[in-house]
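The chain contents come next:
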Amino acid sequence: MGLADASGPRDTQALLSATQAMELRRRDYHMERPLLNQEHLEELGRWGSAPRTRQWRTWLQCSHARARALLLQHLPVLVWLPRYPVRDWLLGDLLSGLSVAIMQLPQGLAYALLAGLPPVFGLYSSFYPVFIYFLFGTSRHISVGTFAVMSVMVGSVTESLAPQALNDSMINETARDAARVQVASTLSVLVGLFQVGLGLIHFGFVVTYLSEPLVRGYTTAAAVQVFVSQLKYVFGLHLRSHSGPLSLIYTVLEVCWKLPQSKVGTVVTAAVAGVVLVVVKLLNDKLQQQLPMPIPGELLTLIGATGISYGMGLKHRFDVDVVGNIPAGLVPPAAPNTQLFSKLVGSAFTIAVVGFAIAISLGKIFALRHGYRVDSNQELVALGLSNLIGGIFQCFPVSCSMSRSLVQESTGGNSQVAGAISSLFILLIIVKLGELFHDLPKAVLAAIIIVNLKGMLRQLSDVRSLWKANQADLLIWLVTFMATILLNLDLGLVVAVIFSLVLVVVRTQMPHYSVLGQVPDTDIYRDVAEYSECGVDVDFLISQKKKLLKKREQLKLKQLQKEEKLQKQAASSKGASVSINVNTSLEDMKSNNVEDCKMMMSPGDKMEDATANGQEDSKAPDGSILKALGLPQPDFHSLILDLGALSFVDTVCLKSLKNIFHDFREIEVEVYMAACHSPVVSQLEAGHFFDASITKKHLFASVHDAVTFALQHPRPVPDSPVSVTRL
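Residues numbered from 1 in each chain as written. Predicted model: local features only at pLDDT ≥ 70, side-chain atom pairs only at ≥ 80, totals over all residues. Heavy atoms only, no water.

1. Considering the packing of helix H6 (residues 86-114) against helix H15 (residues 297-312)
The interhelical angle for the contact between H6 and H15, taken along N-to-C directions, is 55°, at an axis separation of 8 Å. Classified by the interaxial angle, the pair formed by H6 and H15 is oblique. H15 is crossed by H6, and the crossing has left-handed handedness. Here Ile102, Met103, Leu105, Pro106, Gln107 and Leu109 of H6 lie close against H15, whose contacting residues are Glu298, Leu299 and Leu302. Residue classes in the contact of H6 with H15 are distributed as seven nonpolar, one polar and one charged. (Axes fitted to C-alpha atoms, helices over the stretch in contact; angles between N-to-C directions. Helix = DSSP H or I, 4+ residues; strand = E, 2+ residues; numbered from the N terminus. Parallel < 35°, antiparallel > 145°, perpendicular 65-115°, else oblique. Left-handed = near helix turned anticlockwise from the far one by under 90°. Contact = heavy atoms within 4.5 Å. Nonpolar A, V, L, I, M, F, W, Y, C, P; charged D, E, K, R; others polar.)

In structure tokens:
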């Protein structure tokens, strides 16, 4: 029994070992195929050039199917609304739309103030664009409407073209507000035209030039701009209008200079409103799981502040600025002032790009999270139509709000039906309830704006994370942030994009390259600096050979000069001495090296044509010029270039590759290329890279094919099958 018990574990262990060995054998793979260079690959795969698709022919087709496809492409609501699952989605969209509208009301009033416009125009901008996006947008979760970054960009334009009046009379304020509304609405039309035009020509890829560090640095700097712009409402100060570079610095200095003139009632109102908003946001974060929807802190603060201001008479007793008259009803459409187009074109393009970048970034995040696709070109068209039609109805440029989009998603929103519901709620307020906010203090709106900047200001922590992750991205973030702070929003974005593109160019001019070596017993090739068991140091060998060749050539030149000098001296002396001198020099040459004497030539004669090469080959038993010169041959006979990472080649690259072939053949090292993609091969052919000396037989399907071929042809000789390349 004991023996049987003892043998049991051993049998089990042997069985497990055999099973593991079989499993390992099954994991190995063996593949047999002929070596494939480019010529063989094209023959085997029956290569033919891909037919060119003429996209413009598709665009110009006229048919019922084409018209229907265009209609559904540019009016997505016709695609998803008939399939809308009412039972599953309607309740969530209804709750989400009401939640977003509750946020949209105070933010619309506040962000209109940020844009330098009367607050009611923020309500208009929260209605028209939202409903237009419901019809044309492809994202189901973003909340279009007023946004702090867009509002502060609009404010910088309106304040520069319609500055603050010198006195505080009602007539001047009314005229100033009318001028600013005209500037903002015209700007919105121009922004819409840019976005629609870019979308129709499929220019949505422009957002790829706005990397995430650039966008985050820009929005962080814009948040600082927004914060500084609201200080005059928090302290109740009257500041001069500053625009252009360093305007932020001038505003901060003026606020500090006039700080003793602050109004105590305004400061207390802003502080109390800010504390209430912060407390409510903390409660929402803490009770997020228990609450069906967030506590509407902004709306409650808005209603409470309006009631307290009306009951206590804050405007008359404490000189607190209030919103004032909010007209009921909608304004009629008005044509834009085309005379302002030339002054607004630069700012309009900047605002169009920034607004689209923010919207598409959030849209792609939500689309990835919920498993649907967002069309970037259609998003451009949808935002453009929202701004274009909104500008006709006296709105200012809008984009996507981060905070409202998160609320729309978290409260159960499933489609843009939530956006349509929120816009209808705003319409009800415009028509019936807007005039109730006549006594709302502006300091409360400023507090709402500042508290909502928390998310963007927290992006300052990107500096620490980017320092650890990617310092190039950190440099883009810092340059964008500082340029936007110092040069204002429009010039800051231009500088940021230019710097980002220059950095890309600089980094492409300093690429990482490595010498590859074969991992033993595999067809895998890795960097010899990282894998110690791979390959040899090629650079060191080439440099040593070239130095030695140069040194030998210099010695030969000196010997030739000495020989010429001796011949001249012999020609000027007697015949007997000539014979003695010549014989002496010949004896010296024989004692040194007979092969060196045979190979002696002038610098202009070294290996220039095929005839000279043939003569040299005939004097060397194995056809090696280096050996005939008495130089040691390189320890490697082939160099393989892995071109799998190349996506294109230009004329400079073609010349560089030809120089590589020429230089290495000078030291009797043959060059092969491997793993070229089809577009690269086509570009090599179009650039006349292949000729009699470099054919497609030098281009292999993989690195391993090239290595195997090179090992089978270690040292080329004149009668080898590879002699067609004039090795």
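2. Examining the nonpolar core
Ranked by internal contacts, the top residues of the largest apolar core, which has 111 residues, are Leu105, Val149, Leu440 and Leu445. No other element matches helix H17 (residues 341-370), which puts 14 residues into this core. Discounting chain neighbours no more than four positions away, the residues touching Leu105 are Leu123, Leu299, Leu302, Ile426, Ile429 and Phe437. (Core = buried A, V, L, I, M, F, W, Y, C linked by side-chain atoms within 4.5 Å. Buried < 20%, exposed > 50% of the residue type's maximum accessible area, 1.4 Å probe, protein only.)

3. Things to note about the side chain of Ser386
Relative to the helices and strands, Ser386 resides in helix H18 (residues 376-392). Judged by its relative accessible area of 0%, Ser386 is buried. In this structure, Ser386 is in contact with Pro129, Ile132 and Tyr133, ignoring residues within four places of it in sequence.

4. So, a nonpolar patch on the surface
A contiguous nonpolar patch, built from Leu246, Ile249, Tyr250, Leu253, Met482 and Leu486 and spanning about 520 Å² of accessible area, is present on the exposed surface. Of all the secondary-structure elements, those providing two or more residues to the nonpolar patch are helix H13 (247-257) and helix H24 (471-509). Examining the composition of the nonpolar patch, we find that three residues originate from one element, H13, more than from any other. On the secondary structure map, Met482 appears in helix H24. Look at Met482 and you get partly exposed, because its relative accessible area is 41%. (Patch = residues over 30% accessible without salt bridge, like charges linked within 9 Å, V, L, I, M, F, W, Y side chains within 5 Å. Areas by Shrake-Rupley, 256 points an atom, 1.4 Å probe, with all protein chains shown as cover. Salt bridge = Lys/Arg side-chain N within 4 Å of Asp/Glu carboxyl O.)

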